[in-house]
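Working through the structure, step by step
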Amino acid sequence: MGRPSSYKPELGDLILNGLIAGESMRTLCAPEDMPDRGTVVRWLAEHPDFEAKYAHAREAQADTMDDLILEEAEKVTPETAAASRVKIDAYKWRAAKLKPKVYGDKMLHGSDPDNPLPLPVVTVTLVKPE
């Protein structure tokens, strides 16, 4: 049996649920009975509803990364600390990229309406020449 190429909402939901659960697109598309990554990318361009759900699933994936950070931190031992640090850093990076307003570094930008840059107040006194 070849890989599925036509979009079916049930298959799309299976992919979206896998993303929310923290799986990678590469892993989800690996089985022979699943569409390849290129097909899924094409579905995103051809089906606006699927594209919107995909964007939401990727943001929800960031919350899963946050859960994975806590799980990894809970089970760390002195022997596994270095490996756990690598995993936690990867999860943090992923979460920050997927949902930057929640998990990203806080930066103050002038164009950010939630955090406008404070402007200095300048007082000017006009003096008439004598």
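Structural data are supplied above this passage.
This write-up is about the structure you can find in this document.

Thresholds, definitions, all that
- Residues numbered from 1 in each chain as written.
- Predicted model: local features only at pLDDT ≥ 70, side-chain atom pairs only at ≥ 80, totals over all residues.
- Heavy atoms only, no water.
- Helix = DSSP H or I, 4+ residues; strand = E, 2+ residues; numbered from the N terminus.
- Rg over C-alpha atoms; globule rule 2.2 N^0.38 Å.
- Contact = heavy atoms within 4.5 Å.
- Axes fitted to C-alpha atoms, helices over the stretch in contact; angles between N-to-C directions.
- Parallel < 35°, antiparallel > 145°, perpendicular 65-115°, else oblique.
- Left-handed = near helix turned anticlockwise from the far one by under 90°.
- Nonpolar A, V, L, I, M, F, W, Y, C, P; charged D, E, K, R; others polar.
- Buried < 20%, exposed > 50% of the residue type's maximum accessible area, 1.4 Å probe, protein only.
- Arc of directions from axis to C-beta.
- Polar contact = N/O pair within 3.5 Å; in protein donor to acceptor, adjacent residues only side chain to side chain.
- Lys, Arg positive; Asp, Glu negative; His and termini not counted.
- Salt bridge = Lys/Arg side-chain N within 4 Å of Asp/Glu carboxyl O.

On to the overall build of the protein chain. Within the protein chain, the regular secondary structure consists of 6 helices and 0 strands. The order of α-helices and β-strands along the protein chain, N terminus first, is α-α-α-α-α-α. Over its C-alpha atoms the protein chain spans a radius of gyration of 23 Å, topping by over 25% the 14 Å that the globule rule assigns to 130 residues. Along the three orthogonal principal directions, the C-alpha set of the protein chain runs to about 95 × 50 × 15 Å. Within the protein chain, residue pairs in contact and separated by at least 24 positions form 59% of the contacts whose partners lie at least 6 positions apart.

At their nearest, the axes of helix α4 (residues 48-75) and helix α5 (residues 81-98) sit 8 Å apart, and the two run at 160° to each other. Comparing their axes, α5 and α4 come out roughly antiparallel. Between α4 and α5 the crossing geometry is left-handed. Contact residues: α4 offers R58, E59, Q61, A62, M65, L68, I69, E72 and A73, while α5 offers S84, K87, I88, Y91, K92, R94, A95 and L98. Among the residues making up the contact of α4 with α5, the classes are represented as 9 nonpolar, 2 polar and 6 charged.

Among the residues of helix α3 (residues 37-46), T39, V40, W43 and L44 are the ones counted as buried. In an axial view of α3, the angular spread of the buried residues amounts to 150°, which keeps them on one side of the axis. Those residues of α3 hidden inside the fold are in contact with α1 (9-20), α2 (25-29) and α4. Here α3 starts with a cap whose side-chain oxygen sits 3.2 Å from the backbone nitrogen of G38, and that cap is D36.

Another point: the side chain of R58. If you trace the backbone, R58 turns up in helix α4. Lacking a salt bridge, the buried R58 has E23 as its closest oppositely charged neighbour, with an N-O distance of 11 Å. Within the structure, the side chain of R58 is placed 2.8 Å from the side chain of Q61, a separation counted as a polar contact. Residues contacting R58, with those up to four places away along its chain left out, are L19, M25, R94 and L98.

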